[in-house]
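# Close look at the chain arrangement
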Amino acid sequence: MKVRNAKIPDARAISALINCYAEHDKMLFRSLAEIYENLQMFLVAEEDDTVVGCCALEIIWSDLAEIKSLAVAPAHKGQGLGRALVEAAVERARDLGVPRVFALTLEPRFFERIGFAVVPREDLPMKVWSDCARCPKQQECDEIAVARSLANGS
Ligand SMILES: CC(C)(COP(=O)(O)OP(=O)(O)OC[C@H]1O[C@@H](n2cnc3c(N)ncnc32)[C@H](O)[C@@H]1OP(=O)(O)O)[C@@H](O)C(=O)NCCC(=O)NCCS
C-alpha cells in the first residue's frame, strides 16, 4: 500500500469512496466537480493500482488546517490505511508550516488512537463551519471536533 498525492484519473474513485459513505450519512457528499476543483488537497491510498482510501487537507488560516473527506474502502478497513492517510496529511500540514490540524468527525475514537484529542467545537473559528450550509443535518449536527498540535514534532 502506498499513500500519494491524488491525480486527475483518481477523481472518480475518490468520489465513489466518499459518496458510498455519504449515502449512509457518515460523510458529506462531494460532487465530481468539487473533487476536480480541490484535487490538490487530496491524498490517496493505493493498493495493487487501485485507490482504496482518500483524505484531504484544507488550510483554514495561518494556524489551522482541516483534515476532511477521509474514507477507507469497507473491504480495506482495519489495515492501517486510515492512520497512514491522516499521518500523510499531517506531514503535509507540517511541511506547509501549519501548527495545528483538526477534523469534524463521527469517529472520534479513531482520531484519538492517532494522536488527536476531542476539543470543544466552540474552540474552532467560524470559518470552519462553511460546509454546514450544505449539510442536511444542519442544527442536528452530531460531529465531534478533534485536534492535534504539530508543535514539538508531535
Ligand atoms: C474511520 C476510518 C477512516 C478508519 O480507517 P481504518 O483504515 O479502518 O483505520 P486504521 O486501520 O488505520 O486504524 C488506526 C487505529 O484506529 C483504530 N480504529 C479504527 N477505526 C476505529 C473506530 N471506528 N473506532 C475506534 N477505533 C478505531 C484501529 O483499531 C487502530 O488502532 P491501533 O493502532 O491501536 O491498532 C474508516 O473506518 C472509514 O473510512 N470510515 C467511514 C468514513 C468515516 O467515518 N470517515 C471519517 C470522516 S472524518
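Residues numbered from 1 in each chain as written. Predicted model: local features only at pLDDT ≥ 70, side-chain atom pairs only at ≥ 80, totals over all residues. Heavy atoms only, no water.

A rise of 1.5 Å per residue sets the reference length of helix 1 (residues 11-22), with its twelve residues, at 16 Å; its end C-alpha atoms lie 16 Å apart and thus fit the reference within 8%. Ala 11, Ile 14, Ser 15, Leu 17, Ile 18, Asn 19, Tyr 21 and Ala 22 are the residues of helix 1 that are buried. On the buried face of helix 1, the contacting elements are helix 2 (32-37), strand 2 (42-47), strand 3 (50-61) and strand 4 (64-72). (Helix = DSSP H or I, 4+ residues; strand = E, 2+ residues; numbered from the N terminus. Expected span 1.5 Å × (residues − 1). Buried < 20%, exposed > 50% of the residue type's maximum accessible area, 1.4 Å probe, protein only. Contact = heavy atoms within 4.5 Å.)

This next bit is on the nonpolar core. Membership of the largest hydrophobic core comes to 39 residues, with the highest contact counts inside it found for Ile 14, Cys 54, Ile 67, Val 101 and Phe 116. Those elements giving two or more residues to this core turn out to be helix 1, strand 2, strand 3, strand 4, helix 3 (81-96) and strand 5 (100-105). Setting aside residues no more than four positions away along its own chain, Ile 67 makes contact with Cys 55, Ala 56, Leu 57, Val 86, Ala 89, Val 90, Val 101, Phe 102, Ala 103 and Phe 116. In this structure, Phe 102, Leu 104, Val 119 and Trp 129 belong to the second largest nonpolar core, which totals ten residues. (Core = buried A, V, L, I, M, F, W, Y, C linked by side-chain atoms within 4.5 Å.)

Right, let's talk about the side chain of Arg 30 for a bit. Mapped onto the fold, Arg 30 is located in the loop between helix 1 and helix 2. The contacts of Arg 30, once residues within four sequence positions are left out, are Ser 15, Ile 18, Asn 19, Ile 35, Lys 68, Ser 69, Asp 131 and Arg 134.

An order of 1-2-3-4-5-7-6 is seen for the seven strands of this open sheet, with the pairing classed as mixed. Because the sheet does not close on itself, it has two edges, and the strands there are strand 1 (2-5) and strand 6 (117-118). The sheet contact formed by strand 2 and strand 3 spans six bridges and is antiparallel. Note that in strand 3 the partner of Glu 47 across the bridge is Thr 50. Together, strand 2, strand 3 and strand 4 form the strand contacts of helix 1, whose direction differs from that of strand 3 by roughly 80°. (Pairing = 2+ DSSP bridges. Axes fitted to C-alpha atoms, helices over the stretch in contact; angles between N-to-C directions.)

Here the focus is helix 3. Look at helix 3: 23 Å from first C-alpha to last across 16 residues, which is about the 22 Å you get at 1.5 Å a residue. Of all the residues in helix 3, the buried ones are Leu 81, Gly 82, Leu 85, Val 86, Ala 89, Val 90, Arg 92 and Ala 93. Gly 97 lies just past helix 3 and shows a positive phi near 90°.

With that settled, consider the side chain of Glu 46. Structurally, the position occupied by Glu 46 is in strand 2. What makes Glu 46 buried here is its relative accessible area of 14%. Within the local environment of Glu 46, its side chain forms a polar contact with the side chain of Arg 4, the two groups lying 3.0 Å apart. If sequence neighbours within four positions are ignored, Glu 46 has contacts with Met 1, Lys 2, Arg 4 and Val 51. (Polar contact = N/O pair within 3.5 Å; in protein donor to acceptor, adjacent residues only side chain to side chain.)

Moving on, we get to the state of the cysteines. This structure, assessed with the given rule, holds zero disulfides. Cysteine Cys 20 shares no disulfide, and the gap to the nearest cysteine sulfur, in Cys 54, comes to 10 Å. (Disulfide = S-S within 2.5 Å.)

Under the defined criterion, the tally for this structure stands at eight salt bridges. Across the salt bridge formed by Glu 87 and Arg 148, the nearest N and O atoms sit 3.2 Å from each other. Of this pair, Glu 87 sits in helix 3 while Arg 148 sits in strand 7 (residues 144-149), and the two are 61 residues apart along the sequence. According to the relative accessible area criterion, Glu 87 is partly exposed, its value standing at 28%. Residue classification places Arg 148 among the buried positions, given a relative accessible area of 9%. Overlapping salt bridges, with partners in common, bring together Lys 2, Arg 4, Asp 10 and Glu 46 in one network. (Salt bridge = Lys/Arg side-chain N within 4 Å of Asp/Glu carboxyl O.)

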